[in-house]
Amino acid sequence: MLTERIQAQAIVDHLAGLEVRINPNDLTEIFAKCWRAIQDKPGKAEKLEALGEALDFQNTPTNADIYQRILSLRPGGMRIEPLDEIKDTIAPIEWVWDGWIPRGMITILAAVPSAGKTGLMLDLARRVSSKGGTWPDGKPIKKDSANVLYIDAENQPEVIKERALSWKINLKRFFLKWPEDGEVFDLGDDRNQDMVYEWAYAAKPELINIDSFGSINSKGENNIEDVRKILSYLTMLARDSKCGLILSHHLRKRSGFMSPLLDLSQDDLRGSSHIVAAARAILGLSVIQTTEEADPNGPRKLNALKMNIGPYPTPLGFEMVPGYPTGYSLKWGDAPKPYREPDKVDLCADWLADILADSDKPLKELVKLGQNEDFSKGLIIRAKQKYPGRFTDTKARRDPSNTWKLVKNDER
């Protein structure tokens, strides 16, 4: 398919004596008529006269636009710049939090309700607004004591204020905005888009937190046109503000509470697939069951579900530590390991620990005692091998006087 611009450019290039690589049979009727009219004319003046006669815009005024379009083009002007010529105009990839939150791009924080998205975003806000701080993984904050713009579209300023005071967030660097009573903070509305852009322009933030995507659109998360408009706007907002932008979002509903979250992926995000496509980074926050009983206050795991501008970072974890006299804080560390049902080797190891807690015993005696519990000699040996930090030999393994003993905590 040849566009009108390509066809007009071909005629201009021919008039200038340049090589034209098109098949005349592909031209539309009016441009084919122009092409035939100028082929056998000896000079440019004759060609232009023939072009005017072919278009006959004196009798067909609408063809005057085509004539003007052809004459307005520069010969050889149909050119696209290679990356080598424009590479210096494209900004490099930069990070607010190395490996986790890119600068000038959208980062989505996804989790089920009450998993702690707001708390996590406030913890990051505290770190950014403080001086000399570090990120949860210990990396230094490159631009500390910086401004944070927090858009509370869920309209819970009382909760955010209390946490901000409890966590000693630098309130002079923390800008909190929320919708007026009875309003929906719809970022599909041009008026609200301009207002948020002006807030960011005035605050010059290092980090923009928007809580949450479900609260900034009134037409639903599956309405493709509305979703596209909002995400395009947020992409522009992050780029123009040259900051990190975290957009919290909910997951699709699942049955159960804990275990279904262990295999969290970007496919679990609620709404249109355009939400996933627009984000350069998607972070998942999960409640991890680490004991036999599920605990809604249990440890959390933060990991990247999508990261298409760098390698996936090592997952992190945090616990909610009670504060005094009220509230809580986040204690960060390694990602928690999920609970799994003990197998027979695990049960045998627990039995072995109970037996050896009283006194050291040789393997022969342990095998005899294990018969009552249906633990074979091979199973007992596998239990010791599986947990070398719990059990050890008192002497060389082949020594007739060797016994097994329980390793004490101070010996590990």
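Bear in mind the structure is a predicted one, so any value in this text is a computation, not a measurement.

Describing the environment of Asp 98
Mapped onto the elements of the fold, Asp 98 is located in the loop between strand S1 (95-97) and strand S2 (101-102). Relative accessible area serves as the criterion here: at 26%, Asp 98 is assigned to the partly exposed category. Within the local environment of Asp 98, its side chain forms a polar contact with the side chain of Lys 142, the two groups lying 3.0 Å apart.

Some points on the sheet that holds strand S3 (residues 106-111)
The sheet built from nine strands is open, its strands ordered S5-S4-S6-S7-S3-S8-S9-S10-S11 with mixed pairing. Two strands bound the open sheet, and with one partner strand each, they are strand S5 (174-177) and strand S11 (328-334). The mean angle between the axes of side-by-side strands here comes to 20 degrees, regardless of whether they run parallel or antiparallel. Contacts from helix H8 (residues 190-203) reach strand S4 (148-152), S5 and strand S6 (207-211) within the one sheet, and its direction differs from that of S4 by about 155 degrees. The sheet strands contacting helix H9 (residues 224-241) are S3, S6 and strand S7 (244-250), and the helix crosses S7 at an angle near 150 degrees.

Notes on helix H7 (residues 157-166)
Of the residues making up H7, those classed as buried are Pro 157, Ile 160 and Ala 164. Around the axis of H7, the buried residues are gathered within 65 degrees of arc, so they sit on the same side. Buried-residue contacts for H7 involve helix H6 (117-129), S4 and S5. Count one or two residues on from H7 and you reach Lys 168, which has phi positive near 60 degrees.

Re the packing of helix H1 (residues 4-15) against helix H3 (residues 44-55)
Put simply, H1 and H3 touch, their axes get as near as 10 Å, and they point 150 degrees apart. Between H1 and H3, the crossing angle belongs to the class labelled roughly antiparallel. Between H1, through Ile 11, His 14 and Leu 15, and H3, the contact on the second element is made entirely by Lys 44, Lys 47, Leu 48 and Leu 51. For the contact of H1 with H3, the per-class residue count stands at four nonpolar, one polar and two charged.

The rules we used
- Residues numbered from 1 in each chain as written.
- Predicted model: local features only at pLDDT ≥ 70, side-chain atom pairs only at ≥ 80, totals over all residues.
- Heavy atoms only, no water.
- Helix = DSSP H or I, 4+ residues; strand = E, 2+ residues; numbered from the N terminus.
- Buried < 20%, exposed > 50% of the residue type's maximum accessible area, 1.4 Å probe, protein only.
- Polar contact = N/O pair within 3.5 Å; in protein donor to acceptor, adjacent residues only side chain to side chain.
- Pairing = 2+ DSSP bridges.
- Axes fitted to C-alpha atoms, helices over the stretch in contact; angles between N-to-C directions.
- Contact = heavy atoms within 4.5 Å.
- Arc of directions from axis to C-beta.
- Parallel < 35°, antiparallel > 145°, perpendicular 65-115°, else oblique.
- Nonpolar A, V, L, I, M, F, W, Y, C, P; charged D, E, K, R; others polar.

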